[in-house]
Amino acid sequence: MMPNLGRAVKYDVIVVGAGHAGCEAARACARMGLRTSMITMNLDLIAQMSCNPAIGGIAKGHLVREVDAMGGVMGEVADAVGIQFRLLNTSRGPAVWSPRAQCDKKQYRARMREVLEREENLRILQAEVSGLWIEQDSIHGVHLRDGRSISTYCVIVTTGTFLNGIAHVGEEQYSCGRNGEAPSQLLGEQLRSLGLRWARLKTGTPPRLDGRTIQWDRFEAQEGDSEPTPFSFLTRRIDRRQVPCYVAHTTEETHRILREAIHRSPLYSGQIQGVGPRYCPSIEDKIVKFPDKTRHQMFLEPEGLDTYEVYVNGMSTSMPIDVQSAMVASVPGLQDAEMIRPGYAIEYDAIDPRELSHALMVRRIPGLFLAGQINGTSGYEEAACQGLMAGLNAGRRLGGMDPLLISRSEGYTGILVDDLVTKGAEEPYRMFTSRAEFRLHLRIDNADERLTHMVRRCGIVSSERWALYERKQAQKSRILSFLCERRVKTTELALAGDDRPTYSVWLRRPEADIRQILGVIREFLGEEPAPGLMTTIETELKYAGYIQQQHRQMARLRESEDRQIPEGMNFGEIPGISREVSEKLSRVRPATLGQAGRIPGVTPAAVAVLAVYLDLEKRAL
C-alpha cells in the first residue's frame, strides 16, 4: 500500500544522483513499475567513472556478479564496453576468483544512459536538489535550487563525493563534487542539520597522461585473458577488441622528490582533515609509511579506445602540480610524458551508516534511503550493490512488503550492508574476500543460484534472465545425477586396471579436470551446458566436504540471526550488561542476536546475557 500523504504525488520514488548507486536504484524502481525520477546536476555525466575506468577486482567482482544476478545493470554494461578482461586470483581456489575489466570510460557512460533511457517508468532530470522536503520526520519530496518542489513517497540519496566536497592539489583547494564539477553544498548543509551523525572522508586520484608522449617499449605489457570472463550471466562471450595495460615502477628519484616536498602535501600539512582509505594510499603516503621499499608498482591503463588518456594506477596523489610533473618524469619511459590532468584529493561528507536499517533506510526519517559513498563506502561496485538494494527496498516499502534483506551467508552484498549498519565506517569501506565467513559458498559462479530467485518476485528480473536461470538449474540437476551414477569407461581417462569410479568420484581427484569429460557431458545432455555451469559442478564436487562443513556453520549463524531483538528494547535495563556495552547496543539498535555479537566492543559474555534476557522476556509474555 502506498503511504497516504493526502495530496497528489508526481513520482513514487526520486533518486538524487546518477552515479553507480543512483543508476542501479533508479532502474530497479522503474522495473518494479514505480514512477521514478533520477535527478542529476549533469545529464552528460551519468555513471561517470571519475577514478579508474575499471569494474571488478578482488571481491569487487563478486559484488558485480551479485548485482547482475539480482537484475542489476552494471555487469551488462561492463561486458559491452570492456577493453581488457582478467580473472584474478586463479592461482588460488575458486572461492576467491574475481573478474575485472578495464572499460572504455566514455562508452560506459553512454551505454548506461542508453540503457536507463529505455526504461518506460524512468524520467531523468537535470537539476540540483537543494534540500529534502521533510515534514513530521517523514519524507515528502525534494526542493530544487531553481525554486521547484517535487513530491514523492520515497527519496534515495546517492550523492557520492558531492556533499560539501573540497578538492586539494597541493596548497590549492576549491569546492567541487568531482574535479571541475559543482559540489552539493545546500543539500550537504541540510543533512548536517538533521541531527544525523556524519563524518568527513577523503579519496583521491592519480594524474592522467597523454599516451602519445609515453615510451611504451620501456614497460612490460600486461595482456588480458585470451578467453574473457564476463560479469553478466546473460553474456555468452566477449568478442570486443582487447588492449594491454603496462606495468611500471617508481624509482629512487621518485621517492627523493616526494620526500623533499612532503611538507607541501595537504595530507601532511594538516590541510586535509578527512580520513582516507588505508588499502589504497596515495603515493606520498606509501613513501612515508613504507620507507624501506625502494620501488612501488604502478599500472598504465588506457581510458578508452578513442582517447590517448592514460590512467596511472598506483600514483594517486594530491601533491602540487610541479611536484606531480617531476614525479612522473622520474619514471623511465615517462620522462617526456605530458600530464593531461593532475591528480587530486577530495574531502566530502558521509553519513554514519549506523543511522540506517538493513534496508538502507534512515531509521528516524521513514521513506529516506541512502546508498553509495554517502554511506562511507568506496568504489563503484560497493555503490552499485547499495543502490540496487535501496531501490528494491524503497519499492517494497511502497508495495506494503517487508524489506528484502540478504544475510551474510547469502551474499557479499549482505556482508557489506551488515558491516556498515553494525560497525559503521571509520574510513572508506572496501569489500575484501577476507570479510566473508563463508567464502567457498559465496563464489562468483553461483551468484545467480544464491540470489536470482530471491528477487524474482520484485519484478526486476527479466523473463530472459529467469528462463536462463531455470534452464541452468535443470541442466545442473541432470548433469549431477549423471556424474554420480555413471562409471568411467575403461577406455577413458587412462585409468589403471579395474579402476572404474563414477565420474563424480573421479572429479574429486586433484589431477581431474571436468574439461576432460566435456564431450561426454555434451553427448548426455544433448545441448551446450549453460555458461559457467561446468565450473560450478566441478567446484561443488571437488570441495563437497568443505562446502558441507560451511553449510553447518551457516545453519548455526542463521539460528542467532533468527533470535529477534524487540525494536524498542531498553538495553540499559538489562542486568549484567555494562554501561559501555549498553551504549553500543543503543547506538546500533541491532535487530538480531547475531548482529549484536558483531558490534565492536560487545563481548560474547554480553551476548550470552542478552540471550538469557530475551528468553526470560519471551517466557513472561
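Residues numbered from 1 in each chain as written. Predicted model: local features only at pLDDT ≥ 70, side-chain atom pairs only at ≥ 80, totals over all residues. Heavy atoms only, no water.

Considerations on the overall build of the protein chain
The condition that has to hold: Secondary structure elements follow DSSP: runs of H or I of four or more residues count as helices, runs of E of two or more count as strands, with numbering from the N terminus. Note on classification: 1.4 Å probe, protein chains only; a residue is buried when its accessible area is under 20% of the maximum for its type, exposed when over 50%, partly exposed between these limits. The contact definition used throughout considers only heavy atoms, calling two residues in contact when any of these lie within 4.5 Å. All accessible-area figures derive from a Shrake-Rupley calculation using a 1.4 Å probe, and residue coverage is judged against the displayed protein chains alone. The positive count covers Lys and Arg only, the negative count covers Asp and Glu only, and His and the chain ends enter neither. Note on charges: their place is set at NZ of Lys, CZ of Arg, CG of Asp or CD of Glu.
When helices and strands are tallied, the protein chain shows 20 helices and 21 strands. If you line up the protein chain on its principal axes, its C-alpha atoms span 75 × 75 × 55 Å. The proportion of buried residues among the 621 residues of the protein chain is 57%. Contacts in the protein chain between residues at least 24 apart in sequence constitute 74% of all its contacts with a sequence separation of at least 6. Surface accessibility of the protein chain: about 26,300 Å² in total, with carbon and sulfur atoms responsible for 48%. Mean positive and mean negative side-chain charge positions of the protein chain (79 and 78 charges, respectively) differ by 3 Å.

Focus on the packing of helix α2 (residues 60-69) against helix α12 (residues 447-455)
Rules: Between N-to-C directions, angles cover 0 to 180 degrees, with each direction set by a line fitted to C-alpha atoms, over the stretch in contact for helices. Rotating anticlockwise by less than a right angle from the far helix to the near helix defines a left-handed crossing, while the corresponding clockwise rotation defines a right-handed one. Lys, Arg, Asp and Glu make up the charged group, whereas Ala, Val, Leu, Ile, Met, Phe, Trp, Tyr, Cys and Pro make up the nonpolar group; the residues left over, Gly among them, are polar.
Two elements in contact, α2 and α12, have axes whose closest approach is 8 Å; the angle formed by their N-to-C orientations is 40 degrees. Considering how the two elements wind past one another, α2 and α12 form a crossing that is right-handed. Residues Arg65, Glu66 and Ala69 of α2 lie in contact with α12, whose contacting residues are Ala447, Asp448, Arg450, Leu451, Thr452 and Val455. Looking at the contact of α2 with α12 residue by residue, the classes come out as four nonpolar, one polar and four charged.

Quick notes on the pattern of salt bridges
Heads up, the condition is: Counted as salt bridges are all cases of a side-chain nitrogen of Lys or Arg within 4 Å of a carboxyl oxygen of Asp or Glu.
Here the structure, examined in full by the defined rule, presents 48 salt bridges. Put simply, Glu303 and Arg208 hold a salt bridge, and the shortest N to O gap is 3.3 Å. Remark: Arg208 occurs in strand β14 (residues 208-210) and Glu303 occurs in the loop between β17 (297-302) and β18 (309-313); sequence separation between them is 95 residues. The two residues Glu303 and Arg208 agree in class, both being buried. Taking the shortest distance from any N to any O, the salt bridge between Lys476 and Glu540 comes out at 2.9 Å.

Topic: the sheet that holds strand β1 (residues 13-16)
What counts here: DSSP calls a pair of strands paired once it identifies at least 2 bridges connecting them.
Taken in spatial order, the five strands of this open sheet run β6-β2-β1-β10-β21, and their pairing is parallel. The sheet is open, and its two borders are formed by β6 (122-126) and β21 (368-370), each paired with just one other strand. Taken pair by pair, the neighbouring strands of this sheet meet at an average axis angle of 20 degrees, ignoring direction. Relative to the sheet, helix α1 (residues 20-31) contacts β1, β2 (36-40), β6 and β10 (154-157), its axis offset from that of β2 by approximately 160 degrees.

Description of the pairing of strand β11 (residues 166-169)
Put simply, side chains in a regular strand alternate between the two faces of the sheet. Here β11 runs beside strand β20 (residues 344-351); their pairing, made up of three bridges, is antiparallel. Counted as the bridge partner of His168 is Ala345 from β20. Here four bridges tie β11 to strand β12 (residues 172-175), and the two strands are oriented antiparallel to one another. Its bridge partner being in β12, Ile166 is matched across the sheet by Ser175. In sequence, β11 turns back onto β12 through a hairpin of two residues, with Gly170 there showing a positive phi of about 60 degrees.

What to know about the layout of surface pockets
Rolling a probe over the atoms, with the probe sized like a water molecule, indicates the empty space that remains. Rules: A cavity here means a set of 1 Å grid points, computed over protein atoms only, where a 1.4 Å probe fits but cannot escape. A pocket is an open set with protein on both sides within 12 Å along at least 5 of 7 lines, and lining residues have an atom within 4 Å of a point. Grid points are joined across faces, edges and corners, and a volume is the space filled by probe spheres set on the points.
Within this model, the second largest pocket holds a volume of roughly 1,400 Å³. For the second largest pocket, the lining is made up of 37 residues, of which Glu227, Thr229, Gly532, Met534 and Thr535 are closest to its centre. Elements represented by at least two residues in the lining of the second largest pocket include exactly α15 (518-525) and α16 (533-542). With six residues, the single largest contributor to the lining of the second largest pocket is α16. Each residue belonging to the lining of the second largest pocket can be placed in one class, and the counts come to 17 nonpolar, eight polar and twelve charged.

Overview of empty space enclosed by the protein
Under the definition given, this model contains two cavities of 30 Å³ or more. Around the largest cavity sit Ala69, Phe233, Leu234, Asp448, Thr452, Arg465, Leu468, Tyr469, Lys472, Ala530 and Pro531, which together line it. Looking at the lining of the largest cavity, the elements with two or more residues in it are α12 and α13 (463-485). In terms of residues, the lining of the largest cavity owes the most to one element, α13, which gives four residues. Residue composition of the lining of the largest cavity, by class: seven nonpolar, one polar and three charged. Quantified by volume, the second largest cavity comes out at close to 70 Å³. Lining the second largest cavity are His358, Met389, Asn393, Leu404, Leu405, Ile406, Thr413, Gly414 and Val417. Broken down by secondary-structure element, the contributors of at least two residues to the lining of the second largest cavity are α10 (380-398) and α11 (412-423). With three residues, the single largest contributor to the lining of the second largest cavity is α11. Among the residues forming the lining of the second largest cavity, the class breakdown is five nonpolar, four polar and no charged.

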